[in-house]
Amino acid sequence: MYALVRVEGILTFEELLAKHGRGHIGCDVCKPAVGSILASCWNQPIMDASLVPLQDTNDTFMANMQKNGTYSVVPRIPGGEITADKLIVIGEVAKKYDLYTKITGGQRIDLFGAQLHELPDIWAELIAAGFETGHAYGKSTRTVKSCVGSTWCRYGVQDSVKMALLIEDRYKGLRSPHKLKFAVSGCTRECAEAQSKDVGVIATEKGWNLYIAGNGGMRPRHAELFATDLDDATLIQYIDRFLMFYIRTADKLQRTSVWRESLEGGLDFLKDVILHDSLGLGAELEAQMQLVVDRYECEWANALKDPEKLKRFRTFVNDKRPDPDIHFVQERGQRRPIMAAELNLIPVIEEIA
Ligand code: SF4
């Protein structure tokens, strides 16, 4: 399907179905898979009318649904670097909407407990302060973790934060068969844990070592050393090729680690394709990545400009009030969802007129 979409320039599910489909009009398996392929190829806003029906729950609302029906909001914090002013904005937004805040393993801040109707207002305030969506809800680039590197650390041999920012800015918004995590460490002490990421970069005296196809999760896999002592441009070139080759050949919902293990020819084959351009695909893969990069737009900023796209952010179609069945309790100075055992704590709710 990826090849059909790419080669024939197919832009919508309907077009794909009309040309190549048989049977029914799409199911919960094929629709998100086609949505992912279309996004990886053309990077159009997922809230566009023709693409919305292809998205799963989290993508549909550009937020992660939590166990009590509320959503989490995760602004991008590139490389984990943030100014005091932006930290204050996150704090102010969290206070205003009474959101539970937690620092994540990817060096950003999750805001939990937002109701559907609050999402556009929350994002409007965050975007006005310079934030962008963090794509925490998507099968896409998530985070680029970094240590402070040579700027602050006595052991650092390269500026790992600068490289992390370069990588995050380039690949943010890239949709793929599964989520993508990156990290950059400023020396071999590896404080950013780059060897547990889909793409890991570790500084050397001469440049950067590139590691690929690691992950944590249910089946942790140590990343493999792929290329050594690269300059900045070559590092980015190899990452471009690696990611696009993964996107075009991986199965749906397949992480880089599982994809890499399933590759016939293994690591040597992958090195031949990416480093030595054995299939003659290098320039094509780079051009495909550049198209996606050039088309990047914050999905939330895009949606906020279009009243039609915002219509779906209502708990009830015919009532603007919040969901009366969502309840919280206080714990450690913040609110959290009420548990079944605590149901007797629910305050009496005034009947909706
Ligand atoms: S990885 Fe190296 S440069 Fe980065 S914080 Fe750790 S010791 Fe310092």
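Here the structure is a predicted model, which is why all the values come from computation and not from measurement.

Asks: Honestly, unusual backbone geometry in this entry has me stumped. Any pointers?
Replies: Residues apart from glycine generally show negative phi values, whereas peptide bonds are mostly found in trans. One non-glycine residue, His135, lies in the positive phi region at around 55 degrees. In this structure, His135 sits in the loop between α6 (119-128) and β5 (141-146). Positive phi, normally seen in glycine, also occurs at Glu190, with a value near 65 degrees. Counting through the fold element by element, Glu190 comes out in the loop between β6 (180-185) and β7 (199-204).

Asks: When you look at the nonpolar core in this model, what are you seeing that I'm missing?
Replies: The tendency in soluble globular proteins is for nonpolar side chains to be buried side by side. Membership of the largest hydrophobic core comes to 54 residues, with the highest contact counts inside it found for Ile167, Leu210, Ile239 and Leu243. Of the residues forming this core, the biggest block, 10 residues, is contributed by helix α8 (residues 232-249). In terms of nonpolar packing, the next biggest core, distinct from the first, is built from 30 residues, Ile46, Tyr97, Leu99 and Ala303 among them.

Asks: Explain the packing of helix α7 (residues 160-171) against α8 here, please?
Replies: Two quantities define a packed helix pair, namely the angle between the helix axes and the distance between the axes. Relative orientation of the contacting elements α7 and α8 amounts to 35 degrees, with a least axis distance of 12 Å. Classified by chirality, the crossing of α8 by α7 is right-handed. Along its contact with α7, which presents Met163, Leu166, Ile167, Arg170 and Tyr171, the element α8 presents Asp232, Leu235, Ile236, Ile239, Asp240 and Leu243. Across the contact of α7 with α8, the residue classes tally to eight nonpolar, no polar and three charged.

Asks: Would you explain the sheet that holds strand β9 (residues 224-230) in this entry?
Replies: Each strand in a sheet pairs with another by means of backbone hydrogen bonds, the pair being arranged parallel or else antiparallel. Spatially, β5-β6-β7-β8-β9 is the arrangement adopted by the five strands of the open sheet, whose pairing is mixed. Unpaired on one side and paired on the other, β5 and β9 mark the two borders of the sheet. Taking the axes of each pair of neighbouring strands and ignoring which way they run, one obtains an average angle of 15 degrees across the sheet. Where β5 meets β6, four bridges bridge the pair, whose relative direction is parallel. Looking at β6, one finds that Lys145 is bridged to Ala183. Helix-sheet contacts for α8 involve β6, β7, β8 (207-212) and β9, and the interaxial angle to β8 is about 10 degrees. On the sheet, helix α10 (residues 266-275) packs against β8 and β9 and is oriented at approximately 35 degrees with respect to β9.

Asks: Sorry if this is basic, but what is going on with the environment of Phe328 here?
Replies: Among the secondary structure elements, Phe328 is positioned in strand β10 (residues 328-331). Sequence separation between Phe328 and Pro45 is 283 residues; the distance between their C-alpha atoms is 33 Å. Sequence-distant contacts of Phe328, defined by excluding residues within four places in its chain, comprise Asn68, Thr70, Gly113, Arg335, Arg336, Pro337 and Ile338.

Asks: Any chance you could explain the packing of aromatic side chains here in plain terms?
Replies: Remark: the centre distance and the inter-plane angle together describe each pair of aromatic rings, the angle taken between the planes. In total, this model carries 11 aromatic pairs according to the counting rule given. Here the aromatic rings of Phe226 and Phe242 are separated by 6.4 Å at their centres, their planes lie at 50 degrees, and the arrangement is tilted. Of this pair, Phe226 sits in strand β9 while Phe242 sits in helix α8, and the two are 16 residues apart along the sequence. Neither residue differs from the other here; Phe226 and Phe242 are each classed as buried.

Asks: Would you explain the pattern of salt bridges in this entry?
Replies: Close approach of charged atoms lets side chains of opposite charge pair. Enumeration according to the criterion identifies 23 salt bridges in this entry. With a shortest N-O distance of 2.7 Å, Glu224 and Arg260 are connected by a salt bridge. Residue Glu224 is found in strand β9, and its partner Arg260 is found in helix α9 (residues 256-262); the two are separated by 36 residues along the sequence. On the basis of relative accessible area, Glu224 is assigned to the buried category, the value being 17%. In this structure, the salt-bridge partner of Arg336 is Glu342, at a minimum N-O distance of 2.7 Å. The class for Arg336 is buried, based on a relative accessible area of 15%. According to the relative accessible area criterion, Glu342 is buried, its value standing at 17%. Counted as one network, the salt bridges with shared partners bring together Arg219, Arg221, Glu224, Arg260 and Glu261.

About the cut-offs
- Residues numbered from 1 in each chain as written.
- Predicted model: local features only at pLDDT ≥ 70, side-chain atom pairs only at ≥ 80, totals over all residues.
- Heavy atoms only, no water.
- Helix = DSSP H or I, 4+ residues; strand = E, 2+ residues; numbered from the N terminus.
- Core = buried A, V, L, I, M, F, W, Y, C linked by side-chain atoms within 4.5 Å.
- Buried < 20%, exposed > 50% of the residue type's maximum accessible area, 1.4 Å probe, protein only.
- Axes fitted to C-alpha atoms, helices over the stretch in contact; angles between N-to-C directions.
- Left-handed = near helix turned anticlockwise from the far one by under 90°.
- Contact = heavy atoms within 4.5 Å.
- Nonpolar A, V, L, I, M, F, W, Y, C, P; charged D, E, K, R; others polar.
- Pairing = 2+ DSSP bridges.
- Phe/Tyr/Trp six-rings, centres within 6.5 Å; stacked < 30°, edge-to-face > 60°.
- Salt bridge = Lys/Arg side-chain N within 4 Å of Asp/Glu carboxyl O.

So far we have only geometry, and geometry alone does not tell us how the molecule works.
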